[in-house]
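Structural description and commentary
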Amino acid sequence: MNVGLLGLQGAFLDHIRHLKTLNADYTIVRDSKGLEKIDRLIIPGGESTVMMKFLTLFHMTGLLQKRIDQGMPVWGICAGSILLAKKQDNKNGILNALEIKVQRNAYGRQAASEQKNIDIPILQRFDFPALFIRAPRIVSCENRVEVMARSDNDPVFIRQEYIMATTFHPELTDDPVFHEYFLNL
Ligand SMILES: NC(=O)CC[C@H](N)C(=O)O
């Protein structure tokens with residue numbers, strides 16, 4: 001299995017140690033050719049506006065949408081979940097893959113970033129240290145979306161069949177459990 005790490009911008013390198021722990025092969029994806037070689041893709045946290053510009057500049061958006069439509073598993077982290085969303089702040093989303101509406105930077109500025117301990121029964125993790133860094137809020141989810149974990153009642157880990165999203169950054173903890181879950185999607 002070849003896991004793609006979208007490497008246009010943001011926190012993609014932090015995933016590598018977890019993939020290594022799980023003995024998964026990975027490729028850093030920076031163009032359409034890279035998108036063709038992978039079996040699944042991690043869209044990292046970072047700055048969604050910048051990633052969106054690069055996806056457009058490198059003519060990757062259409063192919064990425066197509067691969068997702070055809071069933072390639074994807075995990076969006078924070079900015080990645082914004083890119084995957086169908087609606088973002090009342091506009092149409094970029095990849096239009098996840099049936100959610102998100103509000104960017106809904107919890108405040110960088111300084112308001114924080115760790116919250118959350119329960120994730122499906123992963124058998126309780127009081128998991130979830131790191132929120134200028135996270136989006138998932139404002140609404142349509143029927144196909146399963147909420148796997150919440151923080152203060154907001155969905156923060158969701159899954160829609162083979163697409164998952166976390167509005168926090170599991171790659172910044174030492175626990176590879178989210179990566180393991182993603183590899184089994
Ligand atoms: N940690 C993150 O990915 C931050 C997301 C960023 N605030 C955005 O709107 O794209």
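The structure presented is a predicted model; accordingly, all values stated were derived computationally and were not measured.

1. Here we look at empty space enclosed by the protein
Tallying each qualifying case throughout the model produces one cavity of 30 Å³ or more. Here the largest cavity is characterised by a volume of approximately 100 Å³. Lining the largest cavity are 14 residues, with Tyr107, Glu114, Lys116, Phe132 and Ala135 positioned closest to its centre. For the lining of the largest cavity, the elements supplying multiple residues, two or more each, are strand S8 (114-120) and strand S12 (154-160). Residues of the lining of the largest cavity, tallied by class, amount to six nonpolar, three polar and five charged.

2. Thoughts on the sheet that holds strand S4 (residues 74-77)
On the basis of which strands lie adjacent, the open sheet formed by seven strands has the order S2-S1-S3-S4-S13-S12-S11 and mixed pairing. Of all strands in the sheet, those with a lone pairing partner are strand S2 (25-29) and strand S11 (146-151), marking the two edges. Each strand axis lies, on average, 20° off the axis of its neighbour in the sheet, ignoring direction. Pairing geometry for strand S1 (residues 2-6) and strand S3 (residues 40-43), over three bridges, is parallel. Within S3, the position partnered with leucine 5 by the bridge is isoleucine 42.

3. What about the site of the ligand?
Around the ligand, the structure places Gly45, Gly46, Glu47, Ser48, Cys78, Ala79, Ile82, Arg104, Asn105, Ile133, Arg134 and His169. Between an oxygen atom of the ligand and a main-chain N or O atom of serine 48, the distance comes to 2.7 Å. A distance of 2.9 Å is found between a nitrogen atom of the ligand and a backbone nitrogen or oxygen belonging to isoleucine 133. Protein contacts shield 96% of the accessible area of the ligand, which totals 300 Å² for the unbound molecule. For the ligand, the cavity whose grid points lie within 2 Å of the majority of its atoms is the largest pocket.

4. Concerning unusual backbone geometry
For asparagine 96, which is not a glycine, the phi torsion comes out positive at approximately 55°. By secondary structure assignment, the location of asparagine 96 is in the loop between strand S6 (91-92) and strand S7 (98-103). We classify asparagine 96 as partly exposed; its relative accessible area is 47%. We note that arginine 134 has phi near 40°; this positive angle belongs to a residue other than glycine. The exposure class assigned to arginine 134 is partly exposed, which follows from its relative accessible area of 28%.

5. Observations regarding the side chain of arginine 67
Position of arginine 67 among the secondary structure elements: in helix H4 (residues 61-69). The buried charged residue arginine 67 lacks any salt bridge, with aspartate 39 as its nearest oppositely charged partner at 5.8 Å. Apart from the residues within four sequence positions on either side, arginine 67 is in contact with Leu35, Glu36, Ile38 and Met72.

6. Some words on the layout of surface pockets
Where empty space is left becomes clear once a probe the size of a water molecule has been rolled over the atoms. In this structure, the largest pocket spans a volume of roughly 160 Å³. Along its surface, the largest pocket is lined by 13 residues, and Gly46, Glu47, Cys78, Ile133 and Arg134 are the ones closest to its centre. Classifying every residue of the lining of the largest pocket by side-chain character gives four nonpolar, six polar and three charged.

About the cut-offs
Residues numbered from 1 in each chain as written. Predicted model: local features only at pLDDT ≥ 70, side-chain atom pairs only at ≥ 80, totals over all residues. Heavy atoms only, no water. 1 Å grid on protein atoms, 1.4 Å probe; cavity = no way out; pocket = protein on both sides within 12 Å on 5 of 7 lines; lining within 4 Å. Points joined across faces, edges and corners; volume = space filled by probe spheres on them. Helix = DSSP H or I, 4+ residues; strand = E, 2+ residues; numbered from the N terminus. Nonpolar A, V, L, I, M, F, W, Y, C, P; charged D, E, K, R; others polar. Pairing = 2+ DSSP bridges. Axes fitted to C-alpha atoms, helices over the stretch in contact; angles between N-to-C directions. Near = heavy atom within 4 Å. Polar contact = N/O pair within 3.5 Å; in protein donor to acceptor, adjacent residues only side chain to side chain. Areas by Shrake-Rupley, 256 points an atom, 1.4 Å probe, with all protein chains shown as cover. Sits in = over half its atoms within 2 Å of the grid points. Buried < 20%, exposed > 50% of the residue type's maximum accessible area, 1.4 Å probe, protein only. Lys, Arg positive; Asp, Glu negative; His and termini not counted. Salt bridge = Lys/Arg side-chain N within 4 Å of Asp/Glu carboxyl O. Contact = heavy atoms within 4.5 Å.

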